[in-house]
Amino acid sequence: MSSNTRVRIGFGGTAFLLALLLGWAGWSGVEVAAVQAEPDGVIAGTVESSAGPEAGVWVIAETTELETKFVKIVVTDDAGRFLLPELPAATYDVWVRGYGLVDSEKVKLSPGQEDVELDAVVAPNERAAAQYYPGNYWYSLIEPPAKSEFPGTGSDGNGISEAMTSQAAWIDRMKQGCQLCHQMGNTHTRTVQQLDDFDSTVAAWDHRVQTGQRGNSMSANVTRFGRERALEMFADWSDRIAAGETPQRPPRPSGVERNVVITQWDWGLDSSFIHDEATTDKRNPTVNGYGPVYGVSAGHGTLVAVDPGSNSAVELEIPVRPADPGTVPTRFPQAQLESSYYWGDELPWGVEPNQRADPHNPMLDGQGRVWMTSTIRARPNPDWCKEGSDHPSAKHFPLSQTGRQASYYDPETEKFVLIDTCFGTHHLQFGEDEDDTLFFSGGGSVVGWINTRLYDETGDERFSQGWCPGVLDTNGDGKPTKPWNGIGEDIDPTRDTLVRAGGYGVIYNPRDGTLWASQTGPFPGRIVRLDFGDNPPETCVAEIYEPPSIENSDVDASKTGHAPRGIDVDRNGVIWTALSGSGHMASFDRAKCTGPLNGPDATGQHCPEGWTLYATPGPQMKGVSDPGSADFHYYNWVDQYNTLGLGENVPIANGSTSDALLALLPETEEWVVLRVPYPMAFYSRGLDGRIDDPNAGWKGRGAWANYGSNYIWHTEGGKGTKSKMVHFQVRPNPLAR
């Protein structure tokens, strides 16, 4: 099978045999030992410019001579010295990039050259230097409406939507509405295409937000601000940049940041939307050591994988159940408001019948199987999910439809197995229980699960699954009691209250067996705790906790935040969530709450003392004095087992607009910025960590993330550029081999 080839194979039934993943399935001990023999090629030397030795700049080595494009990146030490380790035999283009510089000329080098002298080039002016700054620095130049203009008074007033209740809510919409698909601030978004075709920059922006397969969504989100005011804001931003305004200069890597080694492999196609990746079992990060790294391509309905040992990549179609896959609907629009600047009238995603699986998130189990949330059928649920069914969960809370179900790929048997679920699925996480329970977000009013032990024993997808709604104990009697106050209804304090239990992210708390979900909205967002009780679904009770809100006058405005998106937990049971709207990493410790956790007043803002907010290191937006960083964090993850080398229980946020992963050292409250300088526009949606060999030092550990933008063509290099799998490692010093 050739590298980066999409594979289409006939299938039928509920388990499907696919091609061998380049020999990865069923590895023998000999094969594993061969992979553990990492390449030992080295290129080393010094970097100097006209100003002298250049410390804290990147040396980049790239080759296309392997099965897939390969890149290695390191940082120079205090004396401008560098060492590129573990290079496979090939000829590399090597150059220097750094803040305050422009790219040096590329030189051809090969492993074994250890006295290289690279000439760095000082930027002739700040505008030239700024072309290499991350997107969040450019986005910080945008100026939201002044705090005094809120709440909005609508189209007949100040033009700001009445739904925009505060400046913070507006900024949150700038994140949730404008950055869920791609970065803002990179070259492709801060520059207005075809500006000369319009009579104003406002008109050009009005057109550009309607272009491409996502144009209907972009346009709708702009309208939610108050359309004209939003377009004027974006036009003012891009006009000032075009006139020469530049952001502040980011700091160069320092301290442990100079010990970071980055390795990249291309995977997927130049139109792939690879949402997420998985490398190991979160509960035991030695699973799948030195094995393939997996991702899911949502728009193409495929499982993608990179083999770091052979430097190769493959892509496999994820099947659906109907004999005619075209009967499974796609969530990707099949018409455009305006043609794409990049693809014209061609639609990149969800067009072909074999692209309908729409996978969102992968996760490995202890056997190395790759579990996924994926679509296997049309939306209407089978009768056993609905009213009148004898399924225990359906009796308690029937469900009529769902948009995505579950599947897994078993490398040992080379099969995809599809599992129907009554509840919707989005993200997934395994519990630490004897049933190996797999929990799912994305269920709306419910949280669902699969007892994978029972499923493996019986193959019964119906009675291996369950779900329960989120019910607040509003009346304070200690149990969920019907009838409930419905979602959005006025609260009768004598009744319990139904809330959305399913969120975007989901995590199992190993300390008490509860499940937690994150919800970005409504403003300021919330996290939900679900206690299953002793007889779920009847005994499931929910609690909700909102981050301290700037719209709560009882809270210090400087200590507020909004929009929990990712969610994870440390081994102490403390919840960590990246606040995607305000630019924070936040911890929530329920044990610190001093007031009642149920009853009519436990509606979200009742435990500010449980929250601790840590502002991420990105720049503040122009004219914003309250928390309003230009940072956007799509998700976050906690390195429970020191897979990266920074310590145990280290929370890491996806710096989705800052070309980075952002690691917080809890004991010192210091940030370690793991910047990806090339190619620019590193937009990640998740991350994972794996220990390949606990006895191999820094070489046997690392974190993984991928370029996950909807618009991968916004990456440096433009159309034709592919997504990349990125491996982060931290060595003891910048010259360690």
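One can find the structure itself at the top, above this paragraph.
My aim in this report is to walk through the structure given alongside it, one point at a time. (Residues numbered from 1 in each chain as written. Predicted model: local features only at pLDDT ≥ 70, side-chain atom pairs only at ≥ 80, totals over all residues. Heavy atoms only, no water.)

**Some points on the overall build of the protein**
Each helix and strand in the protein was counted, giving 10 helices and 41 strands. For 737 residues, the compact-globule estimate of 2.2 N^0.38 gives 27 Å, and the C-alpha radius of gyration of the protein, at 25 Å, lies within 12% of that figure. Out of the 737 residues in the protein, the part that is buried amounts to 63%. Counted over contacts in the protein with a minimum sequence separation of 6, partners at least 24 positions apart contribute 65%. Summed over its atoms, the accessible surface of the protein is roughly 25,800 Å², and 47% of this surface lies on carbon and sulfur atoms. With 59 positive and 97 negative side-chain charges, the protein shows a spacing of 2 Å between the two charge centroids. (Helix = DSSP H or I, 4+ residues; strand = E, 2+ residues; numbered from the N terminus. Rg over C-alpha atoms; globule rule 2.2 N^0.38 Å. Buried < 20%, exposed > 50% of the residue type's maximum accessible area, 1.4 Å probe, protein only. Contact = heavy atoms within 4.5 Å. Areas by Shrake-Rupley, 256 points an atom, 1.4 Å probe, with all protein chains shown as cover. Lys, Arg positive; Asp, Glu negative; His and termini not counted. Charge placed at Lys NZ, Arg CZ, Asp CG, Glu CD.)

**A short note on the pattern of salt bridges**
Taken as a whole and judged by the stated rule, the model has 32 salt bridges. A salt bridge links Glu-457 to Arg-453; the nearest nitrogen and oxygen atoms lie 3.1 Å apart. Of this pair, Glu-457 and Arg-453 both sit in helix H10 (residues 452–458), 4 residues apart, which is roughly one turn of that helix. Among the residues examined, Arg-453 registers a relative accessible area of 33% and is labelled partly exposed. With a shortest N-O distance of 3.3 Å, Arg-529 and Asp-512 are connected by a salt bridge. Of this pair, Arg-529 sits in strand E29 (residues 526–531) while Asp-512 is found in the loop between strand E27 (506–508) and strand E28 (515–519), placing the two residues 17 residues apart along the sequence. Using a relative accessible area of 7% as the deciding quantity, one classes Arg-529 as buried. Relative accessible area serves as the criterion here: at 41%, Asp-512 is assigned to the partly exposed category. Through salt bridges with shared partners, a single ionic network connects Asp-236, Arg-240, Glu-245 and Lys-622. (Salt bridge = Lys/Arg side-chain N within 4 Å of Asp/Glu carboxyl O.)

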